[in-house]
Amino acid sequence: MEHDDKPLLRVLSGRRVDPPPVWFMRQAGRYLPEYRAVRARAGSFLDLCYTPDLAVEVTLQPIRRFALDAAILFSDILVVPHALGAGVAFSEGEGPRLEPVGDRAGLARLDPTRLHERLEPVYETVRRLRSALPERVTLIGFAGAPWTLAAYLVEGRGSKEFLQPRLLARRDPPLFADLVELLTEAVIEFLSAQIAAGVEAVQLFDSWAGVLPETELRRWCLRPARRVVAALRERHPHVPIILFPRGVGASLLHFANEAGAHALSLDTTVPMAWAAAQLDGEGGLALQGNLDPVALLGPEAGLLAEARTILRAAASRPHIFNLGHGILPGTPPERVETLVRYLKSAGE
Ligand code: CP3
(Lines give C-alpha, C1' and ligand atoms only; values in the text may rest on other atoms or scores of the structure.)
Protein backbone atom coordinates (compact mmCIF):
# COMPACT_ATOMS: atom_id res chain seq x y z
CA MET A 1 0.00 0.00 0.00
CA GLU A 2 1.34 3.44 -0.93
CA HIS A 3 2.20 5.84 1.88
CA ASP A 4 -0.68 8.13 0.93
CA ASP A 5 -3.28 5.38 0.88
CA LYS A 6 -3.07 4.94 4.64
CA PRO A 7 -5.92 7.06 6.05
CA LEU A 8 -3.93 8.36 9.01
CA LEU A 9 -0.98 9.46 6.87
CA ARG A 10 -3.37 11.14 4.42
CA VAL A 11 -4.76 13.25 7.23
CA LEU A 12 -1.28 14.06 8.51
CA SER A 13 -0.41 15.27 5.00
CA GLY A 14 -3.15 17.87 5.43
CA ARG A 15 -6.16 16.27 3.74
CA ARG A 16 -9.54 15.28 5.16
CA VAL A 17 -10.63 11.67 5.21
CA ASP A 18 -14.27 10.66 5.80
CA PRO A 19 -14.89 8.96 8.16
CA PRO A 20 -11.76 10.16 9.98
CA PRO A 21 -9.07 7.69 10.99
CA VAL A 22 -9.17 6.61 14.63
CA TRP A 23 -6.77 5.39 17.31
CA PHE A 24 -6.69 5.81 21.08
CA MET A 25 -3.98 6.89 23.47
CA ARG A 26 -3.23 3.92 25.78
CA GLN A 27 -5.12 1.61 23.42
CA ALA A 28 -2.84 -1.15 24.74
CA GLY A 29 -3.16 -1.43 28.48
CA ARG A 30 -4.81 -2.76 31.59
CA TYR A 31 -8.42 -2.46 30.33
CA LEU A 32 -7.67 -5.48 28.06
CA PRO A 33 -7.62 -8.89 29.82
CA GLU A 34 -5.07 -10.17 27.28
CA TYR A 35 -2.76 -7.27 28.26
CA ARG A 36 -3.07 -8.16 31.94
CA ALA A 37 -2.13 -11.76 31.11
CA VAL A 38 1.07 -10.73 29.28
CA ARG A 39 1.85 -8.12 31.95
CA ALA A 40 1.67 -10.84 34.64
CA ARG A 41 4.16 -12.99 32.71
CA ALA A 42 6.58 -10.12 32.04
CA GLY A 43 7.81 -9.45 35.55
CA SER A 44 8.36 -5.70 35.81
CA PHE A 45 6.70 -3.11 33.58
CA LEU A 46 10.14 -2.10 32.21
CA ASP A 47 10.84 -5.76 31.34
CA LEU A 48 7.64 -5.67 29.28
CA CYS A 49 8.84 -2.51 27.48
CA TYR A 50 12.29 -4.04 26.78
CA THR A 51 11.24 -7.53 25.64
CA PRO A 52 10.43 -7.26 21.89
CA ASP A 53 8.33 -10.47 21.80
CA LEU A 54 6.04 -9.17 24.53
CA ALA A 55 6.02 -5.50 23.46
CA VAL A 56 5.06 -6.55 19.91
CA GLU A 57 2.29 -8.77 21.27
CA VAL A 58 0.69 -6.06 23.43
CA THR A 59 0.99 -3.46 20.64
CA LEU A 60 -0.99 -5.80 18.36
CA GLN A 61 -3.71 -6.71 20.88
CA PRO A 62 -5.99 -3.69 20.27
CA ILE A 63 -5.37 -3.96 16.49
CA ARG A 64 -6.75 -7.51 16.52
CA ARG A 65 -9.88 -6.44 18.41
CA PHE A 66 -10.82 -3.12 16.81
CA ALA A 67 -10.77 -1.55 13.32
CA LEU A 68 -8.14 1.03 14.32
CA ASP A 69 -6.10 3.03 11.80
CA ALA A 70 -2.93 3.18 13.87
CA ALA A 71 -0.88 1.11 16.27
CA ILE A 72 1.21 2.96 18.84
CA LEU A 73 4.50 1.35 19.77
CA PHE A 74 4.21 -0.19 23.22
CA SER A 75 6.79 1.46 25.45
CA ASP A 76 6.80 4.34 27.93
CA ILE A 77 8.02 7.93 28.00
CA LEU A 78 10.22 7.07 31.01
CA VAL A 79 12.48 4.70 29.04
CA VAL A 80 14.46 7.81 28.02
CA PRO A 81 15.39 8.85 31.60
CA HIS A 82 16.05 5.16 32.27
CA ALA A 83 18.39 4.89 29.26
CA LEU A 84 20.20 8.03 30.46
CA GLY A 85 21.03 6.09 33.62
CA ALA A 86 18.48 7.57 36.03
CA GLY A 87 17.03 4.86 38.22
CA VAL A 88 13.39 4.27 37.17
CA ALA A 89 11.00 1.81 38.79
CA PHE A 90 7.28 1.19 38.38
CA SER A 91 5.93 -0.04 41.67
CA GLU A 92 2.51 -1.71 41.69
CA GLY A 93 -0.29 0.78 42.37
CA GLU A 94 2.12 3.65 43.05
CA GLY A 95 3.13 4.75 39.58
CA PRO A 96 6.69 5.54 38.55
CA ARG A 97 9.59 6.33 40.93
CA LEU A 98 12.78 7.98 39.70
CA GLU A 99 16.09 8.85 41.30
CA PRO A 100 15.49 12.62 41.61
CA VAL A 101 17.73 15.18 39.87
CA GLY A 102 17.98 18.34 41.97
CA ASP A 103 21.44 19.79 41.38
CA ARG A 104 24.51 19.81 39.08
CA ALA A 105 25.74 16.51 40.48
CA GLY A 106 22.40 14.89 39.64
CA LEU A 107 22.50 16.30 36.12
CA ALA A 108 26.09 15.06 35.69
CA ARG A 109 24.94 11.51 36.48
CA LEU A 110 22.78 11.48 33.34
CA ASP A 111 24.86 9.87 30.62
CA PRO A 112 23.70 10.03 26.98
CA THR A 113 26.52 7.86 25.62
CA ARG A 114 24.69 4.53 26.03
CA LEU A 115 21.23 5.79 25.00
CA HIS A 116 20.88 3.79 21.77
CA GLU A 117 22.48 0.67 23.23
CA ARG A 118 19.94 0.65 26.06
CA LEU A 119 17.00 1.45 23.80
CA GLU A 120 17.91 -1.15 21.17
CA PRO A 121 15.08 -3.51 22.28
CA VAL A 122 12.60 -0.71 21.53
CA TYR A 123 14.01 -0.34 18.00
CA GLU A 124 13.83 -4.12 17.54
CA THR A 125 10.15 -3.98 18.60
CA VAL A 126 9.54 -1.35 15.90
CA ARG A 127 11.24 -3.44 13.19
CA ARG A 128 9.15 -6.50 14.07
CA LEU A 129 5.93 -4.46 14.21
CA ARG A 130 6.43 -3.05 10.73
CA SER A 131 6.34 -6.52 9.24
CA ALA A 132 3.54 -7.76 11.53
CA LEU A 133 0.99 -4.96 11.07
CA PRO A 134 -1.88 -5.06 8.54
CA GLU A 135 -1.30 -2.86 5.48
CA ARG A 136 -3.68 -0.03 6.24
CA VAL A 137 -2.52 0.43 9.85
CA THR A 138 0.03 3.20 10.50
CA LEU A 139 2.75 2.62 13.12
CA ILE A 140 3.16 5.58 15.48
CA GLY A 141 6.30 6.07 17.58
CA PHE A 142 6.52 8.46 20.49
CA ALA A 143 8.55 10.17 23.17
CA GLY A 144 7.87 12.28 26.21
CA ALA A 145 8.54 15.99 25.64
CA PRO A 146 11.63 17.43 27.38
CA TRP A 147 9.60 19.40 29.96
CA THR A 148 7.47 16.40 30.98
CA LEU A 149 10.56 14.17 31.26
CA ALA A 150 12.36 16.86 33.29
CA ALA A 151 9.29 17.16 35.52
CA TYR A 152 9.37 13.43 36.38
CA LEU A 153 13.15 13.49 36.84
CA VAL A 154 13.14 16.46 39.23
CA GLU A 155 10.02 15.45 41.16
CA GLY A 156 11.17 11.82 41.31
CA ARG A 157 7.59 10.56 40.89
CA GLY A 158 4.21 11.43 39.46
CA SER A 159 2.41 14.45 40.91
CA LYS A 160 -0.64 16.65 40.37
CA GLU A 161 1.36 19.84 40.83
CA PHE A 162 4.99 19.10 39.90
CA LEU A 163 6.10 21.79 42.32
CA GLN A 164 9.76 20.71 42.45
CA PRO A 165 10.53 21.13 38.74
CA ARG A 166 8.54 24.38 38.60
CA LEU A 167 10.60 25.72 41.50
CA LEU A 168 13.94 24.50 40.18
CA ALA A 169 13.22 26.19 36.82
CA ARG A 170 12.77 29.51 38.66
CA ARG A 171 15.58 29.10 41.23
CA ASP A 172 18.25 27.90 38.86
CA PRO A 173 17.28 28.54 35.23
CA PRO A 174 20.78 27.73 33.83
CA LEU A 175 20.75 24.30 35.49
CA PHE A 176 17.18 23.64 34.35
CA ALA A 177 18.06 24.80 30.82
CA ASP A 178 20.97 22.32 30.72
CA LEU A 179 18.66 19.52 31.84
CA VAL A 180 16.04 20.39 29.20
CA GLU A 181 18.80 20.69 26.59
CA LEU A 182 20.15 17.22 27.39
CA LEU A 183 16.64 15.76 27.23
CA THR A 184 15.87 17.56 23.96
CA GLU A 185 18.93 15.96 22.33
CA ALA A 186 18.00 12.55 23.75
CA VAL A 187 14.41 12.86 22.47
CA ILE A 188 15.61 13.82 18.97
CA GLU A 189 18.00 10.84 18.96
CA PHE A 190 15.32 8.44 20.26
CA LEU A 191 12.68 9.53 17.74
CA SER A 192 15.17 9.49 14.84
CA ALA A 193 16.14 5.92 15.71
CA GLN A 194 12.48 4.87 15.94
CA ILE A 195 11.93 6.36 12.47
CA ALA A 196 15.03 4.58 11.11
CA ALA A 197 13.59 1.33 12.52
CA GLY A 198 10.22 1.90 10.80
CA VAL A 199 7.74 4.14 12.61
CA GLU A 200 5.71 6.20 10.12
CA ALA A 201 4.63 9.09 12.37
CA VAL A 202 5.61 10.28 15.84
CA GLN A 203 3.79 11.85 18.76
CA LEU A 204 5.45 14.01 21.41
CA PHE A 205 3.64 13.75 24.77
CA ASP A 206 3.92 16.92 26.85
CA SER A 207 1.50 15.62 29.46
CA TRP A 208 2.41 18.24 32.08
CA ALA A 209 2.73 21.36 29.92
CA GLY A 210 -0.46 22.59 31.60
CA VAL A 211 1.19 23.40 34.95
CA LEU A 212 3.26 26.22 33.41
CA PRO A 213 2.24 29.86 32.85
CA GLU A 214 2.78 31.55 29.48
CA THR A 215 6.43 32.67 29.72
CA GLU A 216 7.62 29.40 31.24
CA LEU A 217 5.53 27.42 28.77
CA ARG A 218 7.24 29.16 25.86
CA ARG A 219 10.68 28.53 27.28
CA TRP A 220 10.37 24.94 28.52
CA CYS A 221 7.72 23.47 26.18
CA LEU A 222 7.23 25.46 22.99
CA ARG A 223 10.90 26.16 22.25
CA PRO A 224 12.05 22.53 22.79
CA ALA A 225 9.06 21.27 20.75
CA ARG A 226 10.11 23.55 17.90
CA ARG A 227 13.66 22.17 18.09
CA VAL A 228 12.49 18.57 18.04
CA VAL A 229 10.19 19.27 15.08
CA ALA A 230 12.89 21.15 13.13
CA ALA A 231 15.51 18.44 13.72
CA LEU A 232 13.15 15.64 12.67
CA ARG A 233 11.88 17.55 9.63
CA GLU A 234 15.48 17.97 8.53
CA ARG A 235 16.51 14.36 9.11
CA HIS A 236 13.26 12.67 8.08
CA PRO A 237 11.22 15.10 5.96
CA HIS A 238 8.52 12.53 5.12
CA VAL A 239 7.61 11.62 8.73
CA PRO A 240 4.77 13.65 10.29
CA ILE A 241 4.83 14.88 13.89
CA ILE A 242 1.87 15.14 16.31
CA LEU A 243 2.23 17.37 19.39
CA PHE A 244 0.21 16.81 22.55
CA PRO A 245 0.75 19.78 24.86
CA ARG A 246 -1.83 18.73 27.43
CA GLY A 247 -3.72 21.32 29.46
CA VAL A 248 -2.35 24.48 27.81
CA GLY A 249 -5.75 26.02 26.93
CA ALA A 250 -5.59 29.02 24.60
CA SER A 251 -1.77 28.71 24.39
CA LEU A 252 -2.49 25.80 22.08
CA LEU A 253 -2.55 28.43 19.34
CA HIS A 254 1.15 29.21 19.90
CA PHE A 255 1.90 25.55 19.29
CA ALA A 256 -0.29 25.64 16.16
CA ASN A 257 1.37 28.76 14.77
CA GLU A 258 4.97 28.38 15.92
CA ALA A 259 5.94 24.75 16.46
CA GLY A 260 5.89 23.56 12.85
CA ALA A 261 4.19 20.22 13.57
CA HIS A 262 1.73 18.39 11.28
CA ALA A 263 -0.98 17.85 13.91
CA LEU A 264 -2.04 18.91 17.39
CA SER A 265 -3.73 16.56 19.81
CA LEU A 266 -6.38 18.28 21.94
CA ASP A 267 -7.11 17.44 25.56
CA THR A 268 -10.70 17.42 26.83
CA THR A 269 -10.63 21.03 28.10
CA VAL A 270 -10.23 22.48 24.59
CA PRO A 271 -13.49 22.61 22.62
CA MET A 272 -12.87 21.05 19.20
CA ALA A 273 -15.12 23.67 17.56
CA TRP A 274 -13.08 26.52 19.10
CA ALA A 275 -9.77 25.04 17.91
CA ALA A 276 -11.17 24.44 14.41
CA ALA A 277 -12.49 28.02 14.18
CA GLN A 278 -9.22 29.54 15.46
CA LEU A 279 -7.22 27.60 12.91
CA ASP A 280 -9.45 28.55 10.00
CA GLY A 281 -7.10 29.26 7.08
CA GLU A 282 -4.18 27.66 8.94
CA GLY A 283 -3.09 25.41 6.05
CA GLY A 284 -3.41 21.69 6.54
CA LEU A 285 -2.63 21.42 10.25
CA ALA A 286 -4.58 18.39 11.48
CA LEU A 287 -6.45 18.18 14.79
CA GLN A 288 -6.54 15.01 16.85
CA GLY A 289 -8.94 14.22 19.65
CA ASN A 290 -10.65 14.72 21.91
CA LEU A 291 -13.34 12.53 23.45
CA ASP A 292 -13.39 12.40 27.26
CA PRO A 293 -12.04 8.94 28.26
CA VAL A 294 -14.73 8.84 30.97
CA ALA A 295 -17.40 8.77 28.23
CA LEU A 296 -16.29 5.18 27.53
CA LEU A 297 -17.39 4.23 31.05
CA GLY A 298 -20.80 5.95 30.88
CA PRO A 299 -24.08 5.17 29.06
CA GLU A 300 -23.79 4.26 25.39
CA ALA A 301 -26.19 6.95 24.11
CA GLY A 302 -24.10 9.68 25.74
CA LEU A 303 -20.88 8.19 24.40
CA LEU A 304 -22.10 8.19 20.79
CA ALA A 305 -23.67 11.65 21.07
CA GLU A 306 -20.39 13.06 22.38
CA ALA A 307 -18.46 11.35 19.58
CA ARG A 308 -20.87 12.81 17.00
CA THR A 309 -20.43 16.32 18.43
CA ILE A 310 -16.67 16.01 17.98
CA LEU A 311 -17.01 14.70 14.41
CA ARG A 312 -19.19 17.69 13.51
CA ALA A 313 -16.96 20.22 15.27
CA ALA A 314 -13.91 18.94 13.38
CA ALA A 315 -15.68 18.67 10.01
CA SER A 316 -13.83 21.66 8.52
CA ARG A 317 -10.35 20.29 9.18
CA PRO A 318 -8.15 17.27 8.65
CA HIS A 319 -9.14 15.24 11.74
CA ILE A 320 -7.92 12.14 13.57
CA PHE A 321 -10.43 10.82 16.08
CA ASN A 322 -8.88 10.08 19.48
CA LEU A 323 -9.45 10.66 23.18
CA GLY A 324 -8.40 13.75 25.12
CA HIS A 325 -6.13 11.53 27.24
CA GLY A 326 -5.46 7.80 27.68
CA ILE A 327 -8.05 5.01 27.97
CA LEU A 328 -8.83 4.40 31.66
CA PRO A 329 -8.07 0.97 33.19
CA GLY A 330 -11.77 0.29 34.04
CA THR A 331 -12.99 0.77 30.44
CA PRO A 332 -15.08 -2.15 29.10
CA PRO A 333 -13.46 -3.31 25.81
CA GLU A 334 -16.98 -3.78 24.32
CA ARG A 335 -17.51 -0.04 24.67
CA VAL A 336 -14.40 0.67 22.64
CA GLU A 337 -15.73 -1.77 20.03
CA THR A 338 -19.10 0.01 19.92
CA LEU A 339 -17.42 3.40 19.52
CA VAL A 340 -15.12 2.28 16.71
CA ARG A 341 -18.02 0.65 14.83
CA TYR A 342 -20.02 3.85 15.20
CA LEU A 343 -17.13 6.00 13.95
CA LYS A 344 -16.54 3.74 10.94
CA SER A 345 -20.21 3.98 9.92
CA ALA A 346 -20.59 7.70 10.69
CA GLY A 347 -19.58 8.87 7.20
CA GLU A 348 -22.09 6.59 5.45
O1 CP3 B 1 -0.99 2.16 24.19
C2 CP3 B 1 -0.24 3.16 24.30
O3 CP3 B 1 -0.65 4.33 24.38
C4 CP3 B 1 1.25 2.93 24.19
C5 CP3 B 1 1.96 2.79 25.39
C6 CP3 B 1 2.16 3.95 26.36
C7 CP3 B 1 2.29 3.72 27.75
N8 CP3 B 1 2.62 4.89 28.36
C9 CP3 B 1 2.13 2.39 28.41
C10 CP3 B 1 1.93 2.33 29.87
C11 CP3 B 1 2.35 5.32 26.16
C12 CP3 B 1 2.24 6.12 24.87
C13 CP3 B 1 2.65 5.90 27.42
C14 CP3 B 1 2.95 7.33 27.61
C15 CP3 B 1 3.15 7.85 28.98
N16 CP3 B 1 3.74 7.24 30.05
C17 CP3 B 1 2.82 9.18 29.35
C18 CP3 B 1 2.26 10.23 28.44
C19 CP3 B 1 0.80 10.08 28.23
C20 CP3 B 1 -0.02 10.41 29.43
O21 CP3 B 1 -0.67 9.47 29.95
O22 CP3 B 1 -0.05 11.57 29.83
C23 CP3 B 1 3.17 9.33 30.70
C24 CP3 B 1 2.99 10.58 31.54
C25 CP3 B 1 3.76 8.10 31.13
C26 CP3 B 1 4.35 7.79 32.47
C27 CP3 B 1 3.66 6.67 33.12
N28 CP3 B 1 3.72 5.37 32.70
C29 CP3 B 1 2.86 6.73 34.30
C30 CP3 B 1 2.54 7.98 35.06
C31 CP3 B 1 2.46 5.43 34.56
C32 CP3 B 1 1.71 4.93 35.77
C33 CP3 B 1 0.27 5.30 35.72
C34 CP3 B 1 -0.52 4.11 35.25
O35 CP3 B 1 -1.40 4.30 34.40
O36 CP3 B 1 -0.27 3.03 35.81
C37 CP3 B 1 2.96 4.58 33.53
C38 CP3 B 1 2.77 3.12 33.38
C39 CP3 B 1 2.22 2.63 32.09
N40 CP3 B 1 2.63 3.02 30.83
C41 CP3 B 1 1.21 1.63 31.92
C42 CP3 B 1 1.03 1.44 30.54
C43 CP3 B 1 0.12 0.45 29.87
C44 CP3 B 1 0.53 0.88 33.05
C45 CP3 B 1 1.52 0.03 33.79
C46 CP3 B 1 1.08 -1.39 34.03
O47 CP3 B 1 0.63 -2.10 33.11
O48 CP3 B 1 1.23 -1.84 35.17
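Here we summarise the structure given alongside this text.

### Observations concerning the packing of helix α8 (residues 146–155) against helix α9 (residues 163–171)
Alright, step 1. Put simply, α8 and α9 touch, their axes get as near as 7 Å, and they point 105° apart. Judged on the interaxial angle alone, α9 and α8 are roughly perpendicular. Contacts between α8 and α9 involve W147, A150, A151, V154 and E155 from the first element and L163, Q164, P165, R166 and L168 from the second.
Alright, step 2. By residue class, the composition of the contact of α8 with α9 is 7 nonpolar, 1 polar and 2 charged.

### A closer look at the packing of aromatic side chains
Alright, step 1. Under the defined criterion, the tally for this structure stands at 10 aromatic pairs.
Alright, step 2. With a centroid separation of 6.1 Å and 80° between ring planes, the pair formed by F205 and F244 is classed as edge-to-face. One end of the pair, F205, is in strand β5 (residues 201–206); the other, F244, is in strand β6 (residues 241–245), with 39 residues separating them in the sequence.
Alright, step 3. Judged by its relative accessible area of 12%, F205 is buried.
Alright, step 4. Through pairs of rings, three or more aromatic residues link up here, namely Y35, F45, F74 and F90.
Alright, step 5. When the ring centre of W208 is taken as origin, the NZ or CZ atom of R246, which lies over that ring, is 4.9 Å away.

### Considerations on the site of the ligand
Alright, step 1. Lining the immediate environment of the ligand, one finds 21 residues, of which R26, R30, Y35, D76 and S207 sit closest.
Alright, step 2. At 3.1 Å, a backbone N or O of A28 approaches an oxygen atom of the ligand.
Alright, step 3. Contact distances for the ligand include 2.9 Å between an oxygen atom and a side-chain N or O atom of R39.
Alright, step 4. Protein coverage of the free-state accessible area of the ligand, which is 870 Å², stands at 88%.
Alright, step 5. Across the shell around the ligand, the residue classes tally to 13 nonpolar, 4 polar and 4 charged.

### Regarding the pattern of salt bridges
Alright, step 1. According to the stated counting rule, one finds 24 salt bridges in the structure shown.
Alright, step 2. A salt bridge links R65 to E34; the shortest N-O distance between them is 2.7 Å. Of this pair, R65 sits in helix α4 (residues 52–65) while E34 is found in helix α2 (residues 33–42), placing the two residues 31 residues apart along the sequence.
Alright, step 3. The class for E34 is partly exposed, based on a relative accessible area of 23%.
Alright, step 4. The salt bridge involving R227 is made with E181; its shortest N-O contact spans 2.8 Å. Residue R227 is located in helix α11 (residues 214–235), and its partner E181 is located in helix α10 (residues 173–197); the two are separated by 46 residues in the primary sequence.
Alright, step 5. Residue classification places R227 among the partly exposed positions, given a relative accessible area of 33%.
Alright, step 6. Residue classification places E181 among the partly exposed positions, given a relative accessible area of 36%.
Alright, step 7. Here the salt bridges do not stand alone but share partners, grouping D53, E120, E124, R127 and R128 into one network.

Cut-off values and rules
- Residues numbered from 1 in each chain as written.
- Predicted model: local features only at pLDDT ≥ 70, side-chain atom pairs only at ≥ 80, totals over all residues.
- Heavy atoms only, no water.
- Axes fitted to C-alpha atoms, helices over the stretch in contact; angles between N-to-C directions.
- Helix = DSSP H or I, 4+ residues; strand = E, 2+ residues; numbered from the N terminus.
- Parallel < 35°, antiparallel > 145°, perpendicular 65-115°, else oblique.
- Contact = heavy atoms within 4.5 Å.
- Nonpolar A, V, L, I, M, F, W, Y, C, P; charged D, E, K, R; others polar.
- Phe/Tyr/Trp six-rings, centres within 6.5 Å; stacked < 30°, edge-to-face > 60°.
- Buried < 20%, exposed > 50% of the residue type's maximum accessible area, 1.4 Å probe, protein only.
- Lys NZ or Arg CZ within 6 Å of the ring centre and 35° of its normal.
- Near = heavy atom within 4 Å.
- Polar contact = N/O pair within 3.5 Å; in protein donor to acceptor, adjacent residues only side chain to side chain.
- Areas by Shrake-Rupley, 256 points an atom, 1.4 Å probe, with all protein chains shown as cover.
- Salt bridge = Lys/Arg side-chain N within 4 Å of Asp/Glu carboxyl O.

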